[in-house]
Amino acid sequence: MGNRGMEDLVPLVNRLQRALRGARQSGSPRVPQIAVVGGQSAGKSSVLESFVGRDFLPRGSGIVTRRPLILQLLSGDEEYGEFSHCKGKRFTDFDEVRDEIEAETQRLTGSNRGISAVPISLCIHSPHVLNLTLVDLPGITKVPIGDQPADIEYQVRDMILQVICKENCLILAVTPANTDLANSDALKLAKDVDPQGQRTIGVITKLDLMDEGTDARNILENRLLPLRRGYIGVVNRSQKDIEGKKDIKAALLAEKNFFESHPAYKHMAERTGTAYLQRVLNQVTQTGAKYASLPPMSTRCERLVLSLQQLTNHIRDSLPAIRSLLQSQLLQLNQEAHQYQQNPPEDAARRTAMLLRSVQRVAADFEKLIEGSRDEVDTVNLSGGARINKIFHERFPCELSKFKSDERKLRREITFAIRNTHGVRTGLFTPHMAFEAIVKKQISRLKGPCVQFVEAVSRELLATVYQCLRELGSYPKLQEETERIVITEIQEQEGRCRDQVLLLIDLQLAYVNTKHEDFIGFNNTQQCRLSNKKTVAAMAGNHVLRRGWLTISNMGLLKGGAKEFWFLLSAESLSWFRDEEEKERKYMLPLDNLKLRDVEKSFMSRRYVFAVFNTELRNVYKDHRCLELTCDSQEELDSWKASLLQAGVHPDQAPPVDGGGAPETFGDPQVERQVETIRSLVDSYMSIVYKTFKDLMPKTVMHLMINGVKEFIGCELLARLYARGGAGGSALMDESPEQRRLREAVLRNHAALKEALAVVGSFSTSTCTTPLPPPVDSSWIRPPSPTRPFGRGHAPSPPRVPAHRAPPGVPRRIPPAVPNRK
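Values in this document were obtained by computation on a predicted structure and should not be read as measured data. Numbers given to residues run from 1 along each chain, matching the order in which its sequence is written. Reporting in this predicted model follows two pLDDT cut-offs: at least 70 for local features of residues, and 80 or more for side-chain atom pairs to be given and counted; totals over whole chains, interfaces and linings ignore these cut-offs and use all residues. Only hydrogens and water are set aside; all other atoms, that is, all heavy atoms of the structure, feed into the side-chain values.

Enquirer: Any chance you could explain the nonpolar core here in plain terms?
Expert: Among soluble globular proteins, nonpolar side chains are generally buried collectively. In this structure, Phe435, Phe453, Val457, Leu461, Val701 and Ile713 are the most contacted members of the largest nonpolar core, which totals 71 residues. The numbering of helices and of strands both runs from the N terminus, where a helix is a DSSP run of H or I of at least 4 residues and a strand a run of E of at least 2. Looking at which element gives the most residues to this core, the answer is helix 21 (residues 669–715), with 18 residues. Between two residues, a contact is recorded if the distance between any of their heavy atoms is within 4.5 Å. If we skip the residues at most four places from it in the chain, Val457 touches Ile388, Ile391, Phe392, Val701, Met705 and Ile706. Counting residues in hydrophobic clusters, the runner-up holds 40 residues, among them Leu161, Leu224, Leu225 and Tyr265. Nonpolar core, defined: a set of buried Ala, Val, Leu, Ile, Met, Phe, Trp, Tyr and Cys residues in which side-chain atoms within 4.5 Å join the residues together. Only protein chains enter the accessibility calculation, which uses a 1.4 Å probe; a residue is then buried when its area is under 20% of its type maximum, exposed when over 50%, and partly exposed in between.

Enquirer: Explanation requested: the pattern of salt bridges in the structure shown.
Expert: Pairing is possible between side chains that carry opposite charge, provided their charged atoms lie close to one another. Each salt bridge in this description consists of a side-chain nitrogen of Lys or Arg and a carboxyl oxygen of Asp or Glu lying within 4 Å of one another. Applying the stated criterion across every chain yields a total of 29 salt bridges. With its nearest N and O atoms 2.7 Å apart, the salt bridge here joins Arg107 to Glu104. Taken together, the residues Arg107 and Glu104, both in helix 3 (residues 94–109) and three residues apart, mark about one turn of the helix. A salt bridge links Lys441 to Glu413; its shortest N-O distance comes to 3.4 Å. Of this pair, Lys441 sits in helix 16 (residues 432–444) while Glu413 is found in helix 15 (residues 407–422), placing the two residues 28 residues apart along the sequence. Given a relative accessible area of 13%, Glu413 falls into the buried group. Taken together, the shared-partner salt bridges in this structure form one network comprising Arg387, Lys390, Glu460 and Glu635.

Enquirer: It is not clear to me how the sheet that holds strand 10 (residues 563–570) should be interpreted in this structure. Could you clarify?
Expert: Think of it this way: DSSP has to see at least two bridges between two strands before they count as a pair. Judged by pairing direction, the sheet is mixed, and its eight strands sit side by side in the order 12-11-10-9-15-14-13-16 without closing on themselves. The sheet is open, and its two edges are formed by strand 12 (585–590) and strand 16 (650–651), each paired on a single side. In this structure, strand 13 (residues 594–599) lies alongside strand 16, joined through two bridges in parallel fashion. Across the sheet, Lys595 pairs through a bridge with His650, a residue of strand 16. Angles here are taken between N-to-C directions and fall from 0 to 180 degrees, while the axes themselves are lines fitted to C-alpha atoms, restricted in helices to the stretch in contact. The strands that helix 20 (residues 634–646) touches are strand 9 (544–552), strand 10, strand 13, strand 14 (608–614), strand 15 (626–631) and strand 16; relative to strand 9, the one it contacts most, it runs at about 130°.

Enquirer: Just to check I follow, could you spell out the packing of helix 14 (residues 385–401) against helix 17 (residues 447–469) for this structure?
Expert: Any two packed helices are characterised by how steeply their axes cross, that is the angle between the axes, and by the distance between the axes. Closest axis-to-axis distance for the helix 14/helix 17 pair is 10 Å, and the angle between their directions is 160°. By the criterion of interaxial angle, the relationship of helix 14 to helix 17 is roughly antiparallel. Regarding helix 14 and helix 17, the two cross each other, and that crossing is right-handed. In this structure, helix 14 uses Arg387, Ile388, Ile391, Phe392, Arg395, Phe396 and Glu399 to contact helix 17, whose residues at the interface are Pro449, Cys450, Phe453, Ala456, Val457, Arg459, Glu460 and Leu461. The labels follow the angle: roughly parallel below 35 degrees, roughly antiparallel above 145, roughly perpendicular from 65 to 115, and oblique for the rest. Throughout, a crossing is termed right-handed when the near helix is turned clockwise from the far one, and left-handed when it is turned anticlockwise from it by less than a right angle.

Enquirer: Any chance you could explain the packing of aromatic side chains here in plain terms?
Expert: Working definition: a ring pair exists when centres of Phe, Tyr or Trp rings (six-membered ring for Trp) sit within 6.5 Å. Plane angles under 30 degrees give stacked, over 60 give edge-to-face, the rest tilted. Applying the stated criterion across every chain, the model contains 14 aromatic pairs. Both rings, one in Phe435 and one in Phe519, keep their centres 5.7 Å apart while their planes meet at 35°; by these two values the pair is tilted. One end of the pair, Phe435, is in helix 16; the other, Phe519, is in the loop between helix 18 (476–510) and helix 19 (525–540), and 84 residues separate them in sequence. Its relative accessible area of 0% is what places Phe435 among the buried residues. For Phe519, a relative accessible area of 8% puts it in the buried group. Three or more aromatic residues link up through ring pairs in this structure, and these residues are Phe567, Trp576, Tyr587 and Tyr621. We count a charge as sitting over a ring when the NZ of a lysine or the CZ of an arginine lies within 6 Å of the ring centre and within 35 degrees of the ring normal. Seen from the ring of Trp640, Arg546 lies directly overhead, with NZ or CZ sitting 5.0 Å from the centre. Its guanidinium or amino end placed over the ring of Phe613, Arg597 lies 4.8 Å from that ring's centre, counting from NZ or CZ.

Shown next as structure tokens:
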């Protein structure tokens, strides 16, 4: 754009602001702006109306500006206003603009003087304005009125600080000339956030209302109470002029006459007034040529002239950071926006292609979850194939082990079988029929655990499918239809698998194979039983079955209460240590005569509890008859139970109550020997059956259910969806309202970011800039009164930076309490 100056630069900033508002991105770059700060009735609104040349701001007593107003001024042929909350509506009557500002203010704050930090955005096009963007902030107030809270002063200060603390904000500190400048609230706030004075311009209003014989010449020349950027004086309309509907153009002419005729200001008339203030904020590269023709001025006045380029310099300094942030955000959106652009929702061919990709993604995700090959590994919970593996090798073996635990019930059944087989006679030999009857009854009991095994795997498959179908949430019809088809298929596969499992049990019931190579036989019962015990004990030895953290919860408070230890379970003992290094052993508990018992979880506790105790009523640990152990989850509890069962610690069960009474086995040694023999034979044969089912059940379920469902999703699901959806399944690809809003937002943000980058790219970086004026001693600004502690609705003030000190030898001026007299 070359060196064409601020007339082109500020419109581009306004375009950039509108583009970023369209993007609605978190972390959008902050473009430069000018904030107008001052106390109540300081003349802020009058300054803004003078810029526009129209009466359009609300008037009244007390705090009138109760929401920030972002005001964009754009030079153009037509004159009208536009609000961001009334898109497409042009306000040509500026009384209606005022009414709309008041209505929009009351919409959030009510009609009784409440305030809000939510801004109102107004853009005014006019041939009578220069291109500027300003923020009108509520006036600093001290005393609450109406619905205003007691801390209204702090809330207003917080609102102002949140705007002016940004490094990209220039501050117009408005102060009436008929007040003590050293106590200006606007200058105090500006110094808090801009201690070096690089972003602050002083604006002195109501110069025509000063006491007779006084003036602000030394202040406007920046010789008394200096600011780094200096001061600009303006004269606004009086309340009488406003009530008399005095035209702003006439007021500007009166202001010009005032400065040109006043003996204290006429030598600087061309550097005062509203028009000059607009040029200071608007002009840039043209200033060099313009000021070359000015008459020579003092060094301090030259500093004031240099400040005319401050807005341009500030904008150009902000460009690299804005460009970098826009590029990074655009890069993040590029891929997603490209997908939406390449796949418009109304294109039938694209919908069919999207259906194909969606089904392929579901099939791939399902297989990865089952096989454990996902790119993102869950480090918190088990899922998919890992949960099914736990059913295979922990839960199902645990259920089978429970059949071995009720020794009393099993011996009772064997006794009845032997007596009923002998009938009225006393048998001399162990009856084969009693053995088969007991074995078949034990095998029949496997139906329950095996069917539950199939159902548990089916539930995990459903959970895995639901997890995969979350990816189809953007297309509710497709998700619903896919869910229905896949669930139906899983249920059918579950039925076939259940039938196959029951067939395996029927096969075992059909023929009891006493010639199996692992069966001990009738002749070797006692010898094999003794040798097996020795072999098992020798093989078990110090084999570690499980390690992990458990908490002993039944220790009394006098003994330290519940404590967490590192537990180690072997085939012979349960030991616990101080930590996982296993160097400091606390105790070792032998597993002989130990039983396992469930403990009901207390109402307030989230931990899961089980207990071990000695069947001979001995203390298991110090003076404790049982040891209550807690863990964090049900899965961990099930794993410990399975490991204890593997070590021979079985659950405790009460003896069954039967009306037939207990058999008198101890009175008949022969029956007792036969019971022991059949007990050993049943144990041997059922061990074969258990081993067979532990091996065949996972294989059967894997083949008929898991692989079957995986193959169905990968090969047949798409054809089913095509058949149900019609027209290549495209009818299923209607977007959800959330997905439609997301797509529109992504495309809108993408277009807005591209537009913003184009705007930034059109800025010229070759415009000559002028360095900042040198620092001045601003210690004359009195520090603000102590603020209240930070609380709700109160933002902390930005950190203060030590103000620049005057060099040694330069005397510090002490400001007078009243304006100087001539």
